[in-house]
Amino acid sequence: MVHRVLLAVVLICSLVTLNSSGASADIDWSLVRPMSEFPRIANRIQQLVQKTGNGKVDQVRLNPRIVGGQPTTPENIPYQAAILSNFPDGTGLCGGILVSLNYVLTAASCVDGASGGTVILGAQNIQNANEAGQVRISFTAANVFVHEDYVEFIFRNNIAVIRLGQTVQQTARIRPAFLPAANEARTFAGFAAQISGFGWTSDASSSFSDVLRYTTNVIWTNADCADGYWGGLVDSQKMCLSYLENRGPCVGDDGGPMTVLEAGQRMVVGMFSFGSVIGCESNWPTVFVRISFYLDWIASHTDAQIRSN
């Protein structure tokens, strides 16, 4: 069990990088490559493999895509964000969740240590800077708030917010997410969930999907997710998504939304945190930040409106 978890948890910083120094309109998306090619991630993979006593580095890789997904439009997921974060060794792509017209929620692993970057909203094709309705807003390190108790190695409190440099206008393509109520106590186990992002579409792909994609699967109980898979890494602040028919998120989708249908609208209940590096089709559940666990933190760090019931 320890052996499997150590191999799987190598998805510590589930980002991909650009050789570009920023997120300008002339980004060469063909230069996107996995973070596993960069020293700070490759070294960490080697350390974990050595701990297992396996030594087979070729079995460890970052998972690069939404699996089993299909294209959609930003009108269907208007709270979806794409985040380009600038690091010393490149620029990483992650997902995000618009929680108000001034703030975007994302995984701490996506922005911790970043010098700044760009948030993209209202995009169907993030590679098309001239797309009608798409908005790009730069941010600096001063705009990033990582959870005070974030622990990178075990993904504890893997949550952060980005304060946008300007208030965005709500449109059919850009609208804050519907969040759980303050008294939400359901685990959502057994619910059909939807996840989305701009990840690669196949193992053979060498670039990101040019359009927003989504897929669905069933939320597991934490007990089932821990048993035989993630063990003690799964606690009350996390939740898991089934790997049924190999549908799920991968690298590049980190920080993106997981929703369930509530009273006729999509409610964000999870945010993608980590998954297995053995492969997106490796029959491992993916792990999400449980949004209801962090409603007080979100309320104290953003101007998002949290319903009382």
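Residues numbered from 1 in each chain as written. Predicted model: local features only at pLDDT ≥ 70, side-chain atom pairs only at ≥ 80, totals over all residues. Heavy atoms only, no water.

(A) Structural detail: the pairing of strand β6 (residues 103-106). The alternating pattern of β6 places Y103 and L105 on one face and V104 and T106 on the opposite face, and all of these are buried. Where strand β5 (residues 90-98) and β6 come together, two bridges link them in antiparallel fashion. When the sheet's bridge partners are listed, I97 is paired in β6 with L105. Between β5 and β6, which pair antiparallel one after the other, the connecting turn spans four residues. Relative to strand β10 (residues 160-163), β6 runs antiparallel, the two sharing four bridges. Opposite Y103, over in β10, you have R163 as the bridge partner. (Buried < 20%, exposed > 50% of the residue type's maximum accessible area, 1.4 Å probe, protein only. Helix = DSSP H or I, 4+ residues; strand = E, 2+ residues; numbered from the N terminus. Pairing = 2+ DSSP bridges.)

(B) Layout of the state of the cysteines. Going through the model one piece at a time under the given rule, you end up with two disulfides. Disulfide pairing places C94 opposite C110 at an S-S distance of 2.1 Å. Its S-S torsion of about -85° marks the bond between C94 and C110 as left-handed, since a negative value means left-handed. Note that C94 is positioned in strand β5 and C110 in helix α3 (residues 108-111), a separation of 16 residues in sequence. Linked covalently through their sulfurs, C225 and C240 form a disulfide whose S-S length is 2.0 Å. Classification of the bridge connecting C225 and C240 rests on its S-S torsion, roughly -80°, and on that basis the disulfide is left-handed. Highlighted residues: C225 in helix α4 (residues 222-230) and C240 in strand β13 (residues 238-241), separated in sequence by 15 residues. Of the two residues, C225 and C240, both sit in the buried class. (Disulfide = S-S within 2.5 Å.)

(C) Focus on α4. The set of residues buried in α4 consists of C225, A226, Y229 and W230. Down the axis of α4, the smallest arc covering the buried residues is 115°, so these residues share one side. Residues of α4 that are exposed and angled more than 90 degrees away from the buried face: A223 and D227. Phi for G231, located one or two positions after α4, is positive at around 55°. (Arc of directions from axis to C-beta.)

(D) Spotlight on the confidence of the model for the protein chain. Within the protein chain, residue pLDDT values average 81, and 74% of them lie at 70 or more. Across residues 33-38, confidence stays below pLDDT 50; counting only partners more than four residues off in sequence or on other chains, it has 22 contacts. Note that pLDDT drops below 50 for residues 48-65; the model gives that stretch 63 contacts with residues more than four away or on any other chain. (pLDDT = per-residue confidence, 0-100. Contact = heavy atoms within 4.5 Å.)

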